[in-house]
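# Coordinates in review
What follows is the residue order along each chain.
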Amino acid sequence: MAVKISGTEKGSPAQRYGLKGCTLLSIDGHEINDMLDYEFYSSGEALELAVMKDGALCYLSVQKKEYEPLGCNFDSYLIDQKHSCKNKCMFCFIDQMPKGLRETLYFKDDDERLSFLFGNYVTLTNLSEREVERIKTMHISPINISVHTVNPELRVAMMKNKHAGDVLRYIDEFAKAYIQMNCQLVLCRGINDGDELKKSLEKLTALYPAVQSIAAVPSGLTKYREGLYPLEPYDKQTAIEVLGILEEYGEQCYKRHGVRIVYPSDEWYLLAEREIPPREFYDSFCQLENGVGMWRMLHDEFMEALEETRAPLLPKKIDLATGELAYPLICRLANAMQGKMRNVKIEVHEIKNEFFGGNVTVAGLITGTDLIKQLKGKLSSRTLGIPEVMLREERDKFLDDVTVKELERELGVRVRIMPQRGDDLVQALLK
């Protein structure tokens, strides 16, 4: 695929060789289809580039340091378009979103390149044989895989994709090629838990060390499920049953390998009304993005930083808003700070997710609409702290496009964006 070089980095080899505006055809005879091809084949010291320059085909011999970036810029980061999901999973959160939100929120990503570059999870159903071979040849590792079940027929039924079972063989191929994998199991009550969960754990844990970790999370269900598969949320008893299986296999792996490999997300413990495990349970916290150990890490970082922090000379007062899932933890942290620092006053507000409804309780899916509706007239200070996960990357808007400035105007307060790290949170609360 020919790709247009839209610009070059200052001082880069690409700038020295005048590549801006050229069309890149190949590097050392290898066609460039996307960013992975570009990064892999441009890493050497001596490169032969085939380019179209001023309408003519040119071959350029480029000399640079090994692994020095070539310095080409393209119209999009991936060069190619992002691969969208071809599945229709019974638990897909995007299918459960109301209409009228910004368009980007409805894009279903299933791109193995983003898995490697940014840690996104992929189902493998988008992979061609060429892409599978490229992963093995380039040794693209680790890859994050949404497995859900190792039962081919059940996987087809859950994902509504006739190829969903066949592509499970790629997991074995990657293991043989020493590609590391982090696996995710989104569990649906009565469907891929119980004995099916045991089968999945048997298969995946047997592939250690290629399979480095397995996270299990409960399916998130909103109130917008009309016409979708009738799923039931987990309750205390069913969460206890799932935890029993996950902890049993994790303990077996720990005895065998010295690491658990199998990690329940924090939500299972909260649903089961169990204490979150200690820090050592989570080994290297390799599945934080799935909510595995996030509670423990935040708690311990906060408490350690609080121990070393002096009380402010002047009184501090702030309101904090969070979701139902994190509310007990944030209350615990706030009480610990107030217990040590008598001139600090923190009021924590639990925000129920009325916008999405269902069993959606995480802070990251709280909308500005719910904050305004549930906090108006109830704040005791002139400052409201909200976790940064409530906002999009630009830190200016919530999921429903309510802006931070609109929230400030509606509630008559100054909004402070609270960091996710526990030690940073201590400092932010005392500013």
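Structure shown above.
A quick note: this is a predicted structure, and the numbers were derived from the prediction, not measured.

## Some details on the sheet that holds strand S9 (residues 143-146)
Read across the open sheet, the five strands follow the order S8-S9-S10-S11-S12; overall the sheet is parallel. Where the open sheet ends on each side, the last strands, each with one partner, are strand S8 (121-122) and strand S12 (262-264). Here S9 pairs with strand S10 (residues 181-187) via four bridges, running parallel. Within the sheet, the bridge partner assigned to Ile 145 lies in S10 and is Cys 183. On top of the sheet, helix H8 (residues 236-257) reaches S10, strand S11 (211-218) and S12; it is set at about 150° to S12, its chief contact.

## Some remarks on the pattern of salt bridges
Per the counting criterion, the structure on display carries 26 salt bridges. Where Arg 392 meets Asp 396, a salt bridge forms, and the shortest distance between an N and an O atom there is 2.7 Å. For Arg 392, a relative accessible area of 27% puts it in the partly exposed group.

## With respect to the pairing of strand S15 (residues 383-387)
Here S15 lies mainly inside the structure; five of its five residues are buried. The sheet contact formed by strand S13 (residues 316-323) and S15 spans two bridges and is parallel. Considered in S15, the bridge of Leu 320 is made with Gly 385. As paired elements, S15 and strand S16 (residues 414-418) share five bridges and run parallel to each other. Paired with Leu 384 across the strands is Val 415, a residue of S16.

## Describing the sheet that holds strand S14 (residues 344-351)
Working definition: the strands of a sheet are paired by backbone hydrogen bonds and lie parallel or antiparallel to each other. Spatial ordering of the open sheet is given by S14-S13-S15-S16, a layout of four strands whose pairing is parallel. Taken across any chain shown, the strands that pair with only one partner, and hence form the sheet edges, are S14 and S16. On average, each strand axis in the sheet is inclined to that of its neighbour by 30°, with strand direction left out of account. Relative to the sheet, helix H11 (residues 327-340) contacts S13 and S14, its axis offset from that of S14 by approximately 175°. Its contacts with the sheet place helix H13 (residues 404-411) against S15 and S16, and it is angled at close to 135° to S16.

Basis of the calculations
Residues numbered from 1 in each chain as written. Predicted model: local features only at pLDDT ≥ 70, side-chain atom pairs only at ≥ 80, totals over all residues. Heavy atoms only, no water. Pairing = 2+ DSSP bridges. Helix = DSSP H or I, 4+ residues; strand = E, 2+ residues; numbered from the N terminus. Contact = heavy atoms within 4.5 Å. Axes fitted to C-alpha atoms, helices over the stretch in contact; angles between N-to-C directions. Salt bridge = Lys/Arg side-chain N within 4 Å of Asp/Glu carboxyl O. Buried < 20%, exposed > 50% of the residue type's maximum accessible area, 1.4 Å probe, protein only.

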